[in-house]
Amino acid sequence: MTDDVLVVDSLVRRFGDLTAVDEVSFRIAPGETYGLLGPNGAGKTTTISMVAGLIAADAGTVTVAGQPMTPRTTEPKRHLGLVPQELAIYPDLTGRENLALFGKLQGLRGVELKGRVDEVLTLIGLADRAKDRSKEYSGGMKRRLNIGIGLLNRPTLLILDEPTVGVDPQSRHAILESVEALSGEGMAVLYTTHYMEEAERLCDRIGIIDSGRLQAEGTRDELIRLVGGVDTIRLGGSGGDLTAAAEELRLIPGVERVEAERRSAILTVKDAPALVAQVVGTASARGVTLADVEIARPDLESVFLHLTGKGLRD
Amino acid sequence: MVAGTELRLFLRDRSNLFFVFVFPLLLVLMIGLQFGEGARSGRVAVSGAGSDLQSGLVERLEDDDVVVSDLAWDDALALLARGRLDAAVRVDAAAATAYDAGEAVTLEVVRGSAGNAQVVEQQVRSAVDSLRADRGRLLALEDAGVPPDRAASAVEAAEGQVVAPELEVTSVDRLSQEFEGMGQFEFGASGQLLLFTFLACLGGSATLIQARRLGVVSRMLAGPMTSGELVAGQILGRWAIALFQGGYLMVATSLIFGVDWGNLPLALLVLLLFSLVAAGAAILLGTLLENEGAAAGAGIGFGLVLAALGGSMFPLELFPDTMRAISRITPHAWAYEALADIQRRDGGLLDVLPQLGVLAAMALALAALGGWSLRRSLARAM
């Protein structure tokens, strides 16, 4: 595991009596996208601030590209690209000037700097607007510039802190595609979000964080297995009595539980798509006229609910 | 890098253009016209129908740098009442005739109420005395049998041969000594230099708050840069703004108003240290406040109060003793005194060393305090 780009070990950060990050540990391998999924205030940004060496940890360690990261160290920061949640750009500078400034701060100079700025402008689709001041950009363009600055130094670890907050669907899609492409090129990505769909789409592994603690960690499927991996079939009737059909529904192999009322029933099953036809047929045979059939499969939202007892957007 | 960016942002802000490039020069001009020595040139109307007496009087007044106009008597009185003239002299026909005849002449003079009017009245008296003396010399020659045309040329030739004694006046008045050697625009130029250099720099405190609010500062710290380097960059940024504003005013006032800054390297050293004080103050203000609007308002307020206390709006030399002692809490007062020494009294490095020392101490203290406060605010912002 020494090849891991990022190793976070037992990280703790307190603000007064509040423990914002509590014994958080995870690793990210090259080319891997790791998602930190949790609601606002869960401790994601504080964790990232320690990973990026912006604030000191009260306990625990962060290692980036094999080098310990603290606010006083500069060398591991050369391997890091940070895309903060805020639009950390100068609105009165042009896109090119913003990139050139942060490129210089990363140590790029001369021809190398100019070349890299041109590459990034093309990558984020702002080459034709490079001479416009960034305050004249749309929200999505500003987001792209914000991301572009994080890519200037060709980081081995890219940290994206909720990069799609407040972004229109089109720009959001473009950002997610960019992240997928970067990960495909071998860049390790640490991605924080409270959008379940983004975590499911992008992340090879996901850490679920709440109240400063990493509640669970794994691939999507591993996490879903934590809640038992069962599906739900909801039936809504407009004629007949579903309570009368409940006994026969329980006898169908794969059905684990049935909660029925006269006009509705909820079935907990092993594999809903495989069983739904048999369930509908059984109910119909008992004289029930079905108006509504709904299949619900577990997702990260239900995993989060299962682990913390609250929703991601609570 | 950070310093260059700060200067670029400062110059790119269009609202700054008037207050950086135009407004200070307008103030220098206005103050120069009010306090400068040009304002002491008398303005006199000499009314009359044209005579030797009138032309002789005008000639002598103009020799004394008095601005003379030929107006109708009523017009002259009207301008006098509006304060546009210091004195009006009427040379009527009777006086002109009496003068030509060598008889006693009485001229009517009306003096204005401006502070300068008494001096101008004395200039009119001197001109009349000079006329009378010339007239007396001519009459003496004519009485001795010299023909009038030869008498006039003899007097003119004699005047060319006589070298008037030069007067070296030393005033025992402290104020006169303080202002000795000051040109018309010098007070305005040095005062506005200090006022606007400090103001421009304090205005930079708002951009620091903006950079913190936008997360730009955090982003910089996520790169291979220590917090010490970031603090130094922020201070350098404000220093660059202050030096630009001060340097511009030195060049512009020198070219437009002919202001003499004395020993230029020494004057620049004063500007360097004063600007560093301003940079430290700007960082401190930008870290103590969290709101850009509040910082901009406080910057202007502090800037104006310190400038007023420090002699940038009203000469320190005219302050009561208590106020002058209080003024020493401001960097403006120390810089003002140093510039006054350099500009008016050809002061050298040793003469202004105490002022430079105090400014350097203030600069170091404020830069250290500003840096410490910036580090604290960065820690809070994370």
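It should be emphasised that the depicted structure is a prediction, and the values quoted were computed from it without experimental measurement.

**A closer look at the overall build of chain A**
Here's step 1: Along the backbone of chain A there are 10 helices and 14 strands.
Here's step 2: Once the C-alpha set of chain A is aligned to its principal axes, its extents read approximately 80 × 45 × 35 Å.
Here's step 3: When the 314 residues of chain A are sorted by exposure, 43% land in the buried category.
Here's step 4: The contacts in chain A between residues at least 6 apart in sequence include a share of 67% that link residues at least 24 apart.

**What about the overall build of chain B?**
Here's step 1: Looking only at helices and strands, chain B has 16 helices and four strands in total.
Here's step 2: A globule of 382 residues ought to have a C-alpha radius of gyration of about 21 Å, yet chain B, at 29 Å, is considerably larger.
Here's step 3: Considering only C-alpha atoms, chain B reaches an extent of 100 × 45 × 35 Å along its principal axes.
Here's step 4: Burial statistics for chain B: of 382 residues in total, 40% are counted as buried.
Here's step 5: Taking all contacts inside chain B whose residues are at least 6 apart in sequence as the whole, residues at least 24 apart take part in 78%.

**A few points about the interface of chain B and chain A**
Here's step 1: Listed by partner, the interface residues are 17 residues for chain B and 22 residues for chain A.
Here's step 2: Listed by contribution, the elements that provide at least two residues to the side of chain B that touches chain A are helix H1 (2-12) and helix H10 (216-221) of chain B.
Here's step 3: Partitioned by chemical class, the residues of the side of chain B that touches chain A number 10 nonpolar, five polar and two charged.

**Comments concerning the pairing of strand S7 (residues 157-161) of chain A**
Residue and element names in this part refer to chain A.
Here's step 1: Counting buried positions over the five residues of S7 gives five, a clear majority of the element.
Here's step 2: Along S7, one buried face is formed by Leu-157, Ile-159 and Asp-161 and the opposite face, lined by Leu-158 and Leu-160, is buried too.
Here's step 3: Where strand S6 (residues 80-83) and S7 come together, four bridges link them in parallel fashion. Across the sheet, Leu-82 pairs through a bridge with Ile-159, a residue of S7.
Here's step 4: This β-α-β element, S7 to helix H5 (residues 169-184) to strand S8 (residues 188-193), shows right-handed connectivity.

**Let's talk about the sheet that holds strand S14 (residues 289-296) of chain A**
Residue and element names in this part refer to chain A.
Here's step 1: If you trace the four strands from one edge of the open sheet to the other, you get S12-S13-S11-S14, paired in antiparallel fashion. At either end of the open sheet lies a strand with only one pairing partner, and these are strand S12 (255-260) and S14. Each adjacent strand pair in this sheet contributes to an overall mean axis angle of 15°, direction not counted.
Here's step 2: Relative to strand S13 (residues 264-269), strand S11 (residues 231-239) is paired through six bridges, and the arrangement is antiparallel. Residue pairing in the sheet places Thr-232 in a bridge with Thr-268 of S13.

**With respect to the pairing of strand S2 (residues 18-28) of chain A**
Residue and element names in this part refer to chain A.
Here's step 1: Note: strand S1 (residues 6-15) against S2, seven bridges, orientation antiparallel. For Arg-13, the partnering residue across the bridge sits in S2 and is Val-21.
Here's step 2: The turn linking S1 back onto S2 is made up of two residues, and Gly-16 within it adopts a positive phi angle of 65°.

**With respect to the sheet that holds S1 of chain A**
All names here are of chain A.
Here's step 1: Read from one edge of the open sheet, four strands run S2-S1-S4-S5, paired in antiparallel fashion. The open sheet has two edge strands with one neighbour each: S2 and strand S5 (67-68).
Here's step 2: Bridge count for strand S4 (residues 59-64) against S5 is two bridges, and the pairing is antiparallel. From the neighbouring strand, Val-64 faces S5, where its bridge partner is Gln-67.

**Description of helix H1 (residues 44-51) of chain A**
Here's step 1: For H1 of chain A, the tally of buried residues reaches eight of eight residues, placing the bulk of the element in the interior.
Here's step 2: Of the positions making up H1 of chain A, those classed as buried are Lys-44, Thr-45, Thr-46, Thr-47, Ile-48, Ser-49, Met-50 and Val-51 of chain A.

**Looking at the environment of Ser-69 of chain B**
Here's step 1: Topologically, Ser-69 of chain B is positioned in strand S2 (residues 67-69).
Here's step 2: Separated by 25 residues in the primary sequence, Ser-69 of chain B and Val-44 of chain B place their C-alpha atoms 6.4 Å from one another.

**A short note on the UniProt feature "domain: ABC transporter" (unreviewed entry) in chain A**
Here's step 1: Per the UniProt entry, the sites bearing "domain: ABC transporter" (unreviewed entry) are residues 6-236 of chain A in this numbering.
Here's step 2: Counted over residues 6-236 of chain A, helix gives 33% and strand 29%. Its end C-alpha atoms are 50 Å apart.

**Re unusual backbone geometry**
Here's step 1: In this structure, Arg-154 of chain A is a non-glycine residue whose phi angle is positive, near 50°.
Here's step 2: Relative to the helices and strands, Arg-154 of chain A resides in the loop between helix H4 (139-151) and S7.

**Looking at the domain arrangement of chain B**
Here's step 1: Parsing chain B into structural domains produces domain 1 (2-35 + 184-381) and domain 2 (41-158).
Here's step 2: Placing the centre of domain 1 of chain B and that of domain 2 of chain B at their C-alpha centroids yields a distance of 52 Å.

**Some remarks on the packing of helix H9 (residues 186-214) of chain B against helix H15 (residues 331-344) of chain B**
Residue and element names in this part refer to chain B.
Here's step 1: Packing of H9 against H15 brings their axes to within 10 Å, and their N-to-C directions diverge by 145°. For the crossing formed where H9 meets H15, the hand is right-handed. In contact with Glu-186, Ser-190, Leu-194 and Phe-198 of H9, H15 contributes His-332, Ala-335, Tyr-336, Leu-339 and Gln-343.
Here's step 2: Grouping the amino acids of the contact of H9 with H15 by side-chain chemistry returns five nonpolar, three polar and one charged.

**What to know about the packing of helix H6 (residues 117-143) of chain B against helix H7 (residues 148-161) of chain B**
Residues and elements named next belong to chain B.
Here's step 1: It is at 9 Å that the axes of H6 and H7 come closest, and there the two elements cross at 130°. Relative to H7, the element H6 lies oblique. Both H6 and H7 take part in a crossing whose hand is right-handed. Between H6, through Asp-134, Arg-137, Leu-138, Leu-141 and Glu-142, and H7, the contact on the second element is made entirely by Pro-148, Ala-151, Ala-152, Ala-154 and Val-155.
Here's step 2: Counted by class, the contact of H6 with H7 contains seven nonpolar, no polar and three charged residues.

**Comments concerning the domain arrangement of chain A**
Here's step 1: By domain assignment, chain A separates into domain 1 (6-225) and domain 2 (230-297).
Here's step 2: In this structure, domain 1 of chain A and domain 2 of chain A have C-alpha centres spaced 45 Å apart.

**Concerning the environment of Asn-116 of chain B**
All names here are of chain B.
Here's step 1: Assignment of secondary structure puts Asn-116 in the loop between strand S4 (108-111) and H6.
Here's step 2: With 15 C-beta atoms counted inside 10 Å, the residue Asn-116 sits in the partly exposed group.
Here's step 3: C-alpha separation for the pair Asn-116 and Ala-95, spaced 21 residues apart in sequence, amounts to 27 Å.

**Here's the deal with helix H11 (residues 227-257) of chain B**
One full turn of an α-helix is made of 3.6 residues, so residues set three or four places apart face in the same direction.
Here's step 1: In a regular helix each residue adds 1.5 Å, so 31 residues correspond to 45 Å; H11 of chain B covers 44 Å between its end C-alpha atoms and thus fits that length.
Here's step 2: Phi turns positive, to about 65°, at Gly-258 of chain B, one or two residues after H11 of chain B.

**A short note on the nonpolar core**
Here's step 1: Val-51, Ile-159, Val-189 and Leu-190 of chain A together with Val-277, Ala-278 and Ala-279 of chain B are the most contacted members of the largest nonpolar core, which has 145 residues in total.
Here's step 2: Excluding anything up to four places from it in sequence, Val-277 of chain B contacts Pro-331, Leu-359, Met-362, Ala-363 and Leu-366 of chain B.
Here's step 3: With 21 residues, the next largest nonpolar core counts Val-46, Val-66, Tyr-99 and Val-124 of chain B among its residues.

What counts, and at which threshold
Residues numbered from 1 in each chain as written. Chains lettered and ligands numbered in written order. Predicted model: local features only at pLDDT ≥ 70, side-chain atom pairs only at ≥ 80, totals over all residues. Helix = DSSP H or I, 4+ residues; strand = E, 2+ residues; numbered from the N terminus. Buried ≥ 20, exposed ≤ 12 C-beta atoms within 10 Å, placed from the backbone. Contact = placed C-beta atoms within 7 Å. Rg over C-alpha atoms; globule rule 2.2 N^0.38 Å. Nonpolar A, V, L, I, M, F, W, Y, C, P; charged D, E, K, R; others polar. Pairing = 2+ DSSP bridges. Right-handed = clockwise from strand over helix to strand, strands pointing away. Axes fitted to C-alpha atoms, helices over the stretch in contact; angles between N-to-C directions. UniProt positions renumbered as here; feature names shortened; annotations may be inferred. Domains from an automatic or database assignment. Left-handed = near helix turned anticlockwise from the far one by under 90°. Parallel < 35°, antiparallel > 145°, perpendicular 65-115°, else oblique. Expected span 1.5 Å × (residues − 1). Core = buried A, V, L, I, M, F, W, Y, C linked by C-beta atoms within 7 Å.

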